Amino acid sequence: MLYHDVVVVGGGFAGMRAALSAKAAGANVGLISKVHPMRSHSSGSHSGINASLKPHDSWEVHLQDTLKAGEYLNNQDAVEILCKEAKTEIATLENFGMVFSRDEHGFIDVTNFSGSSIPRTAFSGDSLGHILLQVLYERIVREQIVTYDEWMVSSILVDNGSCRGVVAREFKTGDLHIVSGKTVILATGNLGKLYQFSTCSLTGTGDGQALAYRAGASLVDMEFIQYAPTAIKRRGILITEMARAMGGYLLNKNGDRFLKSYSPDLMELAPRHIINQAIFQEISEGRGEGDSVFLDMRHLNREMFSDQLRETEYLLRDLEDLNPEKDLIPVQPAMHRPIGGIQTDTKGATTVPGLFAVGECSNNGSHGAGRLGGNSLLDNMVFGRLAGEAAAGYISCDSSKIELDRVFGKEQDKFGELFNRDSTDELPGMLRRELSNIMDVHVGYRRDKLGLENALKLITELAARTKKLGISNKNAQFNMEPQMLLELEFMMQLARVMVRSALSREESRGDHNRTDYPYTDNSNWLKHTVVTQVNGEDKLHYTEVVSTRWKEMEVENGSHS
Amino acid sequence: MKYAFYPGCVSKGGTPELYEATVKVAEKLEFELEEMRDVGCTGAGVLSREISDPINARTFAKAEASNLPIMTICSTCQGVMAQAQHRLKDEKYRNYINSEFLSDEGLEYKGTVEIRHMLWAVVEDFGLDRLKNIVVRSLEGLPVAHFYGCYLRRPPELMVPPEFKKTRKTALEDVIEALGGKVVKSSGRGKCCGFPILTSNEDNSLQMCGDHTLDAKEKGAVTLVTPCPLCHLELDGKQADAAAYRGEDINMPVLHLPQLIGLALGFTAKEMAMQRHLVSTEPVEMALGFEVKA
Amino acid sequence: MEVTLKVKRYEFGNDLGSSEQSYTIEIDGQDTLLDALLQIRDEKDPTLGFRGSCRSGFCGDCTMTVHGKGAITCRTKVEEASKKSKDGVIPIAPMKLTKVVKDLIYDDEQFHWAKIKATEPWVDVASTVPDQDQKISNEQVKELRLAMSCTQCGLCDQGCVVLAIDKTYLGPGALTKAFRTVHDSRDTRYKERLDSLSGKRGMWDCAHCFEASEHCPKGIEPTDRIFDLHDKVIKEDLGVGGAKRHYKSFAASVKADGWLDEARLAIESEGLGNVKGILRLIPLAVKAALRGKRPMPYFLHKKRPGHKKIRSIFEKWEVKK
């Protein structure tokens, strides 16, 4: 039986960062990942990292920008840490060997990402994600951290209310393993596969959120789903915000920079939800080209395309036969990332002792109702570090011995039962497509009561059909069918939680848009939506937003747009 | 046509037969060769580019000054020069090289040199139809396996760019056919012969040599033909060692490009200095009906 | 459009016996081959094994062999792939030169990760002062970012003629990764790394035939990166063994005479003290001499006119070093 002090699930930004810091704090770490860490979705996450590096900036201003983008739903204790720790984190990454783009003096450069009042986003051309992932993996290799590649966690071991490790399925052999641990850190990332039109990778099936939920942890603010404004039309593949940070324009079909009607001061660098709304508005009023608008980079310095925007140029050339130096690029908003996730404190601890969560699958309130561009990666790094340290230092107060054999036996039975079921005409992939269609249509950028209730009904029916699915190939080795079935189960469960949360919040704020409640309602809704599974039912309750020094900050009722 | 003839190092050292054959064939093709003598080795991919770029720039400057295109007879020379020429297209870099390395000789490379391999000169400057017309002894279906030498093919954007695709992509095959030969497509036709790793990994080098010569043999070729003397050194010079390494006989003759052309234009094997090869070229001579010494 | 994918399938653990399975689907021609495979798995055959993650060309997971050549399937469009064959059928197989695990899934540990780990692919930064940037130029950043845009897709490795006959060679993928650490001026183990990469199966095993550069879909030009590594070793006078003797001898004769002294190169590559090695050359030398090939070494090697000018280029470069 495998044992590690800290078991990290997920090999992307947050997972690897947590693993490194746990190791540095003296823990024996094991990292489990569904794909090889270098193949994580993080590899295509080309954003920037915010930090108040420059003398004209300060963590307080960074905090204020964050609160504004989060429409004050942020937990200010988490935001304080996020902004205060940013500078140190950048220096740590630099010492890891991270390759940031430089200014003319040779120091780390910063650019303007949407929503920041001062340029503060450190970047690495248009491929920071890809570069950062490599650097983190380089450190994992250096530290000789044990990784279990192409293993999928199927459940979290809980005994007496405490987390004791995980059960994971090794794809290659099909074997189930117990990986027991003092602590588990979930860092599984996105749940974007719930949507058909999303920027998400194939791995983004919300495993961590579902696993934690089933283990008794709470999920928070699951109704907030961030859309990215510039995804390639029809494909949903993201064109990085760097295109706009480097000076790209957004045009409607008449060639107008339409953002002058929505955010004349910030234009293409307005907060994302404002740009998304603007684009949807232009399209619905007939000024889109079909259901897209255009990204215009033709006026940019040609030098950029040989370095800073090189990956963007290759992407567009390979997939769309378009040359951003000469052509307009049709783009449309796509589901991008969840804001909500597994509820944690500022050290990544969930409501289940011994279970931690970091990164995109988690939520400690740092983002509020909407993420400031460039804060996502910062969150992954800062809280990844803190969670790793906390997990390493965690002292379990529960010393009871878990009956691992019994728990393991249950899990084996579950898979055995799955394998016994013969496949039917309905295949898991088909049901997943149906589910993602429901989410796209009813739980997308704009929602209303009718649509959400309909979604709930459809999802419930779909879930029933899921129970009948079986497995065609009875050989277990490198058999992805059990994985597909498990992921589908996870997604169904999360879909219900998301819809219930969206139904509950009767206002519009940040990345949650109710067309039947289009205004932000601070008197009633300055609180978090929390969902916990109790006796198999989704139970909702609400928690207060954490305010620290900024209690006096003016929080006005007003229109959402 | 007049050329600034750049024979390279090996054609005057390890493969003197190439030089001899070239000079004779050039005359028949009415190529006026002005041999460049005061020039340095291209570096062959072994010298650091920091040294070979100035040396090649110097060669280019001299050719430019004489207003003649450079003609090479070695795929490696051609490839290395093309890469240097490409880097020297950058004005800043060229100015640096000129001022640091060439100015004291009063030389300046302006970035306009033309460099073409004899194979390309035959196809583009002389012409395949003209070549057919001056063939005196048709190869009469002689199965010939062509072996370009990797540096004449890659990087493709430099060596076979779109504007030259028509003439250069199948130049060697076209020449073989124009001479009356039959093209045998063997595994090594566009691949590396193994020469560059001869000293660092002899086993791998001999494996490559053996693979390609044996494949040509299996496919029925009577000879290989190559426009690169380094490939010749490997495929001919090291063939015996490759055979020993593989534990099987090979005995596949390897001709230089000018030799193949020369035979078709009426020269004898002796005139083409084929007796210098380490692998006997008798099978070719017999196939063409020459008297072969017993 | 309607399209048929002809997929080579392998049973788990049996990388020798394959079967072919054809799938015909209706798909938008502008969708990618990965989209097609996903559609097949979702709607027709959930048993089909293949890898894929980011589906946007950044993670390197979905490389397969298409029409016999390596391809990143999430950046290859169905219509274009279909056009390549007369009947429009698209043949898909797993990556070559490596063990197949099942269907289109190959042994990535052997092909990529083991080799990358062997190059010690991290940067040991000189300064550990917190709150402080290292000062490096944007030019260096550009060069590093180019090398790091590598997704370890394996296309260069699959095109490598040396890997085709010798799987122990590090290969262009791992050497490009090694370039990243060597070229990063913040790293403190520069010379150590260059020496280690100059060992057996390292950079000098590269035939620098430009297959790697031709196959790279990101314009990283791995062959040039390997040349960069060579140049660095030469500049620092590092390396060991035959490769070092070779490059030093080559340079020495060009410096002395203006052109290559082949006989000298052959002798010195063996090593002047290596009596056994030099004796090994004698049969070949005799054979060659009898045929009329007599390249003369050392003082018998004729100097080119202008050899002094060539020498002075070398001297200038040595000063610059």
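Each remark here, short or long, concerns the structure printed above.
Quantities reported herein were computed from a predicted structural model and do not represent experimental measurements. Numbering of residues begins from 1 in every chain and follows the order in which that chain's sequence is written. Chain letters start at A and ligand numbers start at 1, both assigned in the order the entries are written. Since the coordinates come from a predicted model, pLDDT governs what is reported: local features require at least 70, and pairs of side-chain atoms require 80 or more to be given and counted, while whole-chain, interface and lining totals use all residues. Hydrogens and waters are ignored; side-chain quantities use all the structure's heavy atoms.

### Focus on the overall build of chain A
A count of helical and extended segments in chain A gives 15 helices and 21 strands. Taking 561 residues into account, the globule formula puts the C-alpha radius of gyration at 24 Å, and chain A, at 22 Å, falls close to it. Oriented by its inertia axes, the alpha-carbon framework of chain A measures out at about 65 × 50 × 50 Å. With a 1.4 Å probe rolled over the protein chains alone, any residue whose accessible area is under 20% of its type maximum counts as buried; one over 50% counts as exposed, and the rest are partly exposed. For chain A, with 561 residues in total, the buried portion stands at 68%. Long-range pairs, those at least 24 residues apart, make up 73% of the contacts in chain A between residues at least 6 apart in sequence. When the accessible area of chain A is evaluated, it comes to approximately 18,600 Å², of which 48% is carbon and sulfur surface. Positive residues here are Lys and Arg, negative ones are Asp and Glu, while His and the chain termini are left out of the count. Where a charge lies is defined by one atom per residue type: Lys uses NZ, Arg uses CZ, Asp uses CG and Glu uses CD. One finds the centroid of the 60 positive side-chain charges in chain A at a distance of 2 Å from the centroid of its 74 negative side-chain charges. By the criteria applied, helices consist of DSSP H or I runs no shorter than four residues and strands consist of E runs no shorter than two, each listed in order from the N terminus. Throughout, the radius of gyration refers to the C-alpha atoms, and the reference size of a globule is 2.2 Å times the residue count to the power 0.38. Residue contacts are defined here by distance: any two heavy atoms, one from each residue, within 4.5 Å place the two residues in contact. All accessibility values rest on the Shrake-Rupley procedure with a 1.4 Å probe; residue burial counts only the protein chains present in the view.

### What to know about the interface of chain B and chain C
Of the residues lining the interface, 61 residues belong to chain B; the matching set on chain C comes to 50 residues. We define buried area as the total accessible area lost by two parts upon association, computed with a 1.4 Å probe and summed across both. The junction of chain B with chain C conceals about 4,900 Å² of combined surface from both sides, 59% of it contributed by carbon and sulfur atoms. In terms of surface lost to chain C, no three residues of chain B exceed B:Val46, B:Arg49 and B:Leu278, which account for 13% of the buried area on that side. Each reported salt bridge corresponds to a side-chain nitrogen of Lys or Arg within 4 Å of a carboxyl oxygen of Asp or Glu. There are 11 salt bridges connecting chain B and chain C. In this structure, B:Glu100 engages C:Lys320 in a salt bridge whose closest nitrogen and oxygen atoms are separated by 2.4 Å.

### What about the arrangement of the chains?
Considering every one of the 2 pairs of chains in contact, the largest contact total is recorded for chains A and C. Separated in space, chain A and chain B share no contact, their closest pair of C-alpha atoms being 15 Å apart.

### Details of a positive patch on the surface
For patches, a residue must show more than 30% relative accessible area and have no salt bridge; joins then use 9 Å for like charges and 5 Å for nonpolar side chains, namely Val, Leu, Ile, Met, Phe, Trp and Tyr. Together, B:Lys165, B:Lys169, B:Lys185, B:Arg189, C:Lys69, C:Lys84 and C:Lys96 make up a positively charged patch on the protein surface. Considering the arrangement of structural elements, one finds B:Arg189 in the loop between strand S6 (182–184) and helix H10 (202–218). Residue B:Arg189 is classed as partly exposed on the basis of its relative accessible area of 31%.

### Quick notes on the packing of aromatic side chains
When we look at a pair of aromatic rings, we describe it by the centre distance and by the angle of the planes. Residues and elements named next belong to chain B. Classification of ring pairs rests on two measures: the distance between centres of Phe, Tyr or Trp rings, Trp counted by its six-membered ring, which must be within 6.5 Å, and the angle between planes, read as stacked under 30 degrees, edge-to-face over 60 and tilted in between. Under the criterion given, the structure shown has 17 aromatic pairs over all chains. Each ring, one from Tyr3 and one from Phe31, has its centre 5.0 Å from the other, and the planes form 75°; the classification is edge-to-face. Of the two residues, Tyr3 sits in strand S1 (residues 2–6) while Phe31 sits in the loop between helix H1 (16–28) and strand S2 (32–35), which places them 28 residues apart along the sequence. A ring has a charge above it when a Lys NZ or an Arg CZ is no more than 6 Å from the ring centre and no more than 35 degrees off the ring normal. Residue placement shows Arg153 over the ring face of Tyr148; its charged tip is 3.9 Å from the ring centre.

### Thoughts on unusual backbone geometry
All names here are of chain B. A cis amide bond links Arg154 with the next residue in sequence, Pro155, at an omega value of 0°. Take Pro155: it is sitting in the loop between strand S5 (143–146) and helix H7 (156–159). The backbone of Asn67 sits at a positive phi, close to 60°, despite the residue not being glycine. With respect to the helices and strands, Asn67 occurs in the loop between helix H2 (49–66) and strand S3 (70–72).

### Considerations on the interface of chain C and chain A
Residue-level contacts link 72 residues of chain C with 76 residues of chain A. Taking both sides of the interface into account, the surface hidden between chain C and chain A amounts to around 6,200 Å²; carbon and sulfur atoms contribute 50%. One salt bridge connects C:Arg186 with A:Glu94, and the closest N-O pair in it is separated by 3.3 Å. Pairing of N or O atoms within 3.5 Å defines a polar contact, subject to two protein rules: one partner must be a possible hydrogen donor and the other a possible acceptor, and residues neighboring in sequence count only if both atoms are side-chain atoms. The tally of links between chain C and chain A comes to 45 residue pairs in polar contact (both at pLDDT 80 or more).

### Looking at the sheet that holds strand S5 (residues 121–122) of chain A
Residues and elements named next belong to chain A. Pairing between two strands is assigned when DSSP locates at least 2 bridges connecting them. One open sheet accounts for 3 strands, arranged S3-S5-S4; its pairing is antiparallel. Since the sheet does not close on itself, it has two edges, and those belong to strand S3 (49–50) and strand S4 (110–111), each with one partner. Bridge analysis of S4 against S5 gives 2 bridges, and the strand direction is antiparallel. Across the sheet, Thr111 pairs through a bridge with Thr121, a residue of S5.

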